[in-house]
Each structure stands twice: as structure tokens, then as C-alpha cells.
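# Examining the three-dimensional arrangement
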Amino acid sequence: MRNPTCRHFVTYSGLRLPLKLLNEFDAASLHNRNTTFFRGHYDADERLIRLGKLVYGERELQHVYAYHANGALRRAEITGTEDEMTVLEFDEQGLPLPC
């Protein structure tokens, strides 16, 4: 299996998971960014498997995603600034399962 690729973005869109990262910029530009950006890690199928929101170099938010064999979102682990994790599970159609 190939290592995940890491890419950098200015922002995201949408309310549904997985988030969609937008406005990609080159990693060489990181030294010019001293505020907020998103770092996305993608698997060999170009699915977002991990994202982090970095603010002044500190992680403010992290999402870790897992997928069903059909490509639908299976699990989302969301960690905020207080390192409190929320885990969401989804069925094979990508619909949220009850807690």
C-alpha cells in the first residue's frame, strides 16, 4: 500500500463529512503562512483519511476518516482543541448510525 499523500489547503466547504478541502497551495508556500491552514492526507484512492486545522502552527482540530469497501464513509474521529474525541459511525450508504 502506498503512503498517504499530504496536501495543504486554505479552507474547506460543506457540513457533511468528510469535509471537502479547498484552495490547495504548494507545500513550499508553508513558510509564508503564519496563520491558519488545513493539512489533508489522502489514500491511494484519493479519499481524505486525515485532516488537521493548524492555527499559528498548533493543531486546533483533527479529523480521521475510515471508509467502507464501497467508498462510503464508515467512521469519523473528530478531535478538538481540548483533545476531546468524538467518534461517529456510518452505515454502508454513508448515513449516520444512532449513538
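I will try to describe carefully the structure that is included in this document.

## Some points on the overall build of the chain
A tally of helices and strands in the chain yields zero helices and seven strands. For the chain, the N- to C-terminal ordering of α and β elements is β-β-β-β-β-β-β. Relative to the 2.2 N^0.38 estimate, which gives 13 Å for 99 residues, the radius of gyration of the chain is 14 Å and therefore close to what a compact globule would have. With the C-alpha coordinates aligned to their principal axes, the bounding extent of the chain is approximately 40 × 30 × 25 Å. Per-residue burial over the chain gives 28% buried out of 99 residues. Pairs at least 24 apart in sequence give 26% of the contacts found in the chain among residues at least 6 apart.

## Some details on the packing of aromatic side chains
For the coordinates displayed, the defined rule picks out three aromatic pairs. Measuring from ring centre to ring centre gives 5.5 Å for Tyr 12 and Phe 38, while their planes differ by 75°; the resulting arrangement is edge-to-face. Placement of the pair is Tyr 12 in strand β1 (residues 5-13) and Phe 38 in strand β3 (residues 36-42), with a sequence separation of 26 residues. Residue Phe 38 is classed as buried on the basis of its relative accessible area of 4%.

## Comments concerning the side chain of His 63
Position of His 63 relative to the elements: it lies in strand β5 (residues 58-67). At a separation of 2.5 Å, a polar atom in the side chain of His 63 contacts the side chain of Tyr 65. In this view, His 63 contacts Leu 17, Leu 19, Ile 49, Arg 50, Leu 51, Glu 77 and Ile 78; residues no more than four positions away in its chain are not counted.

## Some words on the nonpolar core
In this structure, Phe 9, Leu 19, Leu 21, Phe 38, Tyr 42, Leu 48, Leu 51, Tyr 65, Tyr 67, Leu 73, Ala 76 and Phe 90 together form the largest nonpolar core, which totals twelve residues. Breaking this core down by element, the ones donating at least two residues are β3, β4 (48-55), β5 and β6 (73-79). Once residues within four sequence positions are removed from consideration, Tyr 67 is found in contact with Pro 18, Arg 47, Leu 48, Ile 49, Ala 72, Leu 73 and Arg 74.

## Some details on the environment of His 8
By secondary structure assignment, the location of His 8 is in strand β1. Residue His 8 is classed as buried on the basis of its relative accessible area of 5%. Through-space distance from the C-alpha of His 8 to that of Ala 27 is 6.5 Å; in sequence the pair is 19 residues apart. Once you skip the residues sitting within four places of it in the chain, His 8 turns out to touch Asn 23, Glu 24, Phe 25, Ala 27, Leu 30, Phe 37, Phe 38 and Arg 39.

## Things to note about the pairing of β3
For β3, the buried fraction is high: five of the seven residues fall into the buried class. Sheet analysis places β1 next to β3, joined by five bridges and oriented antiparallel. From the neighbouring strand, Arg 7 faces β3, where its bridge partner is Gly 40. Where β3 meets β4, seven bridges bridge the pair, whose relative direction is antiparallel. Counterpart to Phe 38 in the pairing with β4 is Lys 53. Count of turn residues in the β3/β4 antiparallel hairpin: five residues, of which Glu 46 carries a positive phi of about 65°.

Cut-offs applied
- Residues numbered from 1 in each chain as written.
- Predicted model: local features only at pLDDT ≥ 70, side-chain atom pairs only at ≥ 80, totals over all residues.
- Heavy atoms only, no water.
- Helix = DSSP H or I, 4+ residues; strand = E, 2+ residues; numbered from the N terminus.
- Rg over C-alpha atoms; globule rule 2.2 N^0.38 Å.
- Buried < 20%, exposed > 50% of the residue type's maximum accessible area, 1.4 Å probe, protein only.
- Contact = heavy atoms within 4.5 Å.
- Phe/Tyr/Trp six-rings, centres within 6.5 Å; stacked < 30°, edge-to-face > 60°.
- Polar contact = N/O pair within 3.5 Å; in protein donor to acceptor, adjacent residues only side chain to side chain.
- Core = buried A, V, L, I, M, F, W, Y, C linked by side-chain atoms within 4.5 Å.
- Pairing = 2+ DSSP bridges.

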